[in-house]
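Breakdown of the fold
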Amino acid sequence: EEVKYLRHLIDNEIRVCVKLRSNEQFSGTIEFYDSSFIRLTRQDGPNLFLFKQDIKYIHEEEES
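Along each chain, residue indices are assigned from 1 in the same order as the chain's sequence is written. The predicted nature of this model means local features are confined to residues of pLDDT at least 70 and side-chain atom pairs, given and counted, to a pLDDT of 80 or more, with totals for whole chains, interfaces and linings taken over all residues. Note that the side-chain values use all heavy atoms of the structure and ignore hydrogens as well as water.

Examined against the element boundaries, Lys 19 turns out to sit in strand β1 (residues 15-20). Summary of the burial criterion: residues with accessible area below 20% of their type's maximum are buried, those above 50% are exposed, and those between are partly exposed, where the area comes from a 1.4 Å probe applied to protein chains only. Only four residue types enter the tally: Lys and Arg on the positive side, Asp and Glu on the negative side; His and the chain ends are excluded. Criterion for a salt bridge: a side-chain nitrogen of Lys or Arg within 4 Å of a carboxyl oxygen of Asp or Glu. One buried charged residue, Lys 19, remains without a salt bridge, the closest side chain of opposite sign being Glu 24 at 11 Å. With near-sequence residues (within four places) excluded, Lys 19 lies in contact with Glu 24, Gln 25, Ile 55, Lys 56 and Tyr 57. Helix numbering and strand numbering both begin at the N terminus, where a helix is a DSSP run of H or I of at least 4 residues and a strand a DSSP run of E of at least 2. We call two residues in contact whenever any of their non-hydrogen atoms come within 4.5 Å of each other.

Structure follows, in structure tokens:
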């Protein structure tokens, strides 16, 4: 199910908020993923490679 959900987020360019186990939060769109990490594309900073083991959760942002 994880693969289907990540593919849905990528294909529909849905903005997400990623919260890490360290409680840091980052917003953007997921551009790429593999078994170890996701690539988060951001407008307000550099793109990030986030290891899945460091992610607490991902949720879709509300559209404004």
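Following the structure, the description resumes.
Bringing the pattern of salt bridges into the picture now. Counted under the stated rule, the structure contains five salt bridges. Taking the shortest distance from any N to any O, the salt bridge between Glu 1 and Lys 4 comes out at 3.7 Å. Like Glu 1, the residue Lys 4 is exposed in the burial classification. Among the salt bridges present, the one from Asp 11 reaches Arg 7, with a minimum N-O distance of 3.0 Å. Taken together, the residues Asp 11 and Arg 7, both in helix α1 (residues 2-11) and four residues apart, mark about one turn of the helix.

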